[in-house]
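# Structural overview for review
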Amino acid sequence: MIVGDDLFEGLPVHGVRRSARVAGGAARMREPVRDQIELRAVDIDSLIGQDHAVRVIWSYVEGLDLSALEDRIKARAHRPGHPPISPRLLLALWLYASSDGVGSARALDRLCRSHDVYRWLCGGVSVNYHTLADFRIGCADLLDRLLAEHLAALADAGLVALDRLAQDGVRIRASAGAASFGRKATLDRHLSIAEAVVDQLKHEVDARSDASNQRIKAARQRAARERGARIRAAQAALDEIQRQRQAREEKRGNGKKPKEPRASSTDAQARVMKMADGGFRPGYNVQVASVAAEQLVVGLEVTNVGSDRGLMRPMLERLRALSGHLPRRYLADGGFCSAEDIEWAHGEGIEVFCPPTQSKHGTDPCLPRHGDGPGVSAWRARMASETGKAQYKSRSICECIHARWRNWNLRQLTVRGIEKVRAVVLCYALTNNILQGHRLANG
């Protein structure tokens, strides 16, 4: 809004004209001069307090062995080449940004120039959003390794025990709208339009030699080409969705024809699923394994399956691959209740604490049933006992991790695809463990 000269017309006149009537001349005052240039001497280390959380994160990052990333740097001593940004700095920026609710690389780039905490982290090093974004999506394996190493260090220090773990799922909104989902006919039509646009722009770029217009049309051509690639990915996802639905219908045996599948032309791997508020939106199902009664993440996996049933065993197998051992007790809510997973866990020496599904006939779900294996029978008896119920109560603590992530603004993703989503969520998980581990170590 532009302020006009007549906006404050009619107000009483103050200032110099009134002061001029006072004996001795006009009053001398210090007025703001906003067009002047200042040179300031700033002690960067004094920008934040000594007990600030960013110092905890930087202290953790300083002690890491990042030689695997540093060995890739081509700029070497006594050789030409522009030095890149330190991987240690990029990692610290994303870890603190996660705790500050910043999930966008462009937003982080702006904060590094204007916010004192991020200026302290950068220490005079200039960053750009493209480098920040590329680093985060490419460091998922590094974050996974650091998560396991940090947890192992806490266990060796006697701060946590890994013999009792809990699993829970949290659904996070994808970077795709509901309108981006279409059936096969719709996707075919959109692909034809995108290919026609690419051919038209290619012809225009080849026909004209105007450099500025050519660059603009080349950018438009690239955007149309990328949209075509996303639509083709969505078409491929339709086949996978169709196979999954067909398998479910055959297992149920009700003879119903499965509905025609839909896929997103924005994020082909996103699926419409039920969210915590009861609504249905495109999202991802993030599975989190944590230390029971503690707010520490042990393992993490991202899936586009809307249900938690059947996801207990894959998580346990992943934990064994990461740490080499399995927990003695495993806590999960009723959505994970699967007889196959419970029977498998019993064979591996794991006691599962998971409330049985209530029967629609009103019978006690903890009573033995025909066809129960030894693992399921032991599980029903365990959940019927007071000891089993008391053990299960500590599972609710793991939901504090999800609440913290919500407070850190992890509500809707800014990246697309399972691998990129996994890298983003791993940043939040590692940041959570760093800060929570610091609290445990300092009482």
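Notes on the structure follow. Model, not experiment: these values are computed from the prediction.

## A closer look at the overall build of the protein chain
Check the secondary structure of the protein chain and you find 16 helices and eight strands. Per-residue burial for the protein chain yields a buried fraction of 42% across its 443 residues. In the protein chain, of all internal contacts separated by at least 6 residues, the share reaching a separation of at least 24 is 69%.

## Focus on unusual backbone geometry
The residue A293 is not glycine, and still its phi comes out positive at about 70°. Following the sequence through the fold, A293 ends up in the loop between β5 (280-291) and β6 (297-303). Note on A293: relative accessible area 35%, which makes it partly exposed. Despite not being glycine, N409 shows a phi value in the positive range, around 70°. Along the polypeptide, N409 turns up in the loop between α15 (399-407) and α16 (418-441).

## As for the nonpolar core
Counting 67 residues, the largest nonpolar core has L91, L93, L108, Y118 and W405 as the members making the most contacts within it. Those residues in contact with L108, other than ones at most four positions away along the chain, are L93, W94, A97, V102, Y118 and L132. Judged by nonpolar contacts, the second largest core, of 34 residues, contains L151, V298, L311 and V376.

## As for the pairing of strand β7 (residues 329-332)
In the sheet, strand β1 (residues 164-173) pairs with β7 via four bridges, with the strands oriented parallel. By the bridge assignment for β7, L165 is matched with Y330. Strand direction decides the pairing type here: β7 and strand β8 (residues 351-353), joined by three bridges, are parallel. For Y330, the partnering residue across the bridge sits in β8 and is V352. As for the winding sense of the linkage, the β-α-β connection from β7 through helix α12 (residues 339-347) to β8 is right-handed.

## Structural notes on the packing of helix α8 (residues 140-156) against α16
Orientation of α8 relative to α16, taken along the N-to-C sense of each, is 20°, at an axis distance of 9 Å. Judged on the interaxial angle alone, α16 and α8 are roughly parallel. In this structure, α8 crosses over α16, and the sense of that crossing is left-handed. On the side of α8, the interface is formed by A140, D141, L143, D144, L146, L147, H150, L151 and L154, while α16 contributes R422, A423, L426, C427, A429, L430, N433, I434 and G437.

## Digging into the packing of aromatic side chains
By the definition in use, this model includes two aromatic pairs. Where Y96 meets Y118, the ring centres are 5.4 Å apart and the plane angle is 65°; that geometry is what we call edge-to-face. Here Y96, found in helix α4 (residues 87-99), pairs with Y118, found in helix α6 (residues 116-122); they are 22 residues apart in sequence, far enough to count as distant. By relative accessible area, which is 0% here, Y118 ends up buried. Considering the side-chain rings of W408 and Y428, the 6.5 Å spacing of their centres and the 35° angle between planes classify their relative orientation as tilted. Of the two residues, W408 is situated in the loop between α15 and α16 and Y428 in helix α16; the sequence distance between them amounts to 20 residues. Taken individually, W408 and Y428 each receive the classification buried, so the pair is uniform in this respect. Seen from the ring of Y129, R106 lies directly overhead, with NZ or CZ sitting 3.9 Å from the centre. The aromatic ring of F353 is capped on one face by R382, whose charged end is 5.4 Å from the ring centroid.

Rules of the game
- Residues numbered from 1 in each chain as written.
- Predicted model: local features only at pLDDT ≥ 70, side-chain atom pairs only at ≥ 80, totals over all residues.
- Heavy atoms only, no water.
- Helix = DSSP H or I, 4+ residues; strand = E, 2+ residues; numbered from the N terminus.
- Buried < 20%, exposed > 50% of the residue type's maximum accessible area, 1.4 Å probe, protein only.
- Contact = heavy atoms within 4.5 Å.
- Core = buried A, V, L, I, M, F, W, Y, C linked by side-chain atoms within 4.5 Å.
- Pairing = 2+ DSSP bridges.
- Right-handed = clockwise from strand over helix to strand, strands pointing away.
- Axes fitted to C-alpha atoms, helices over the stretch in contact; angles between N-to-C directions.
- Parallel < 35°, antiparallel > 145°, perpendicular 65-115°, else oblique.
- Left-handed = near helix turned anticlockwise from the far one by under 90°.
- Phe/Tyr/Trp six-rings, centres within 6.5 Å; stacked < 30°, edge-to-face > 60°.
- Lys NZ or Arg CZ within 6 Å of the ring centre and 35° of its normal.

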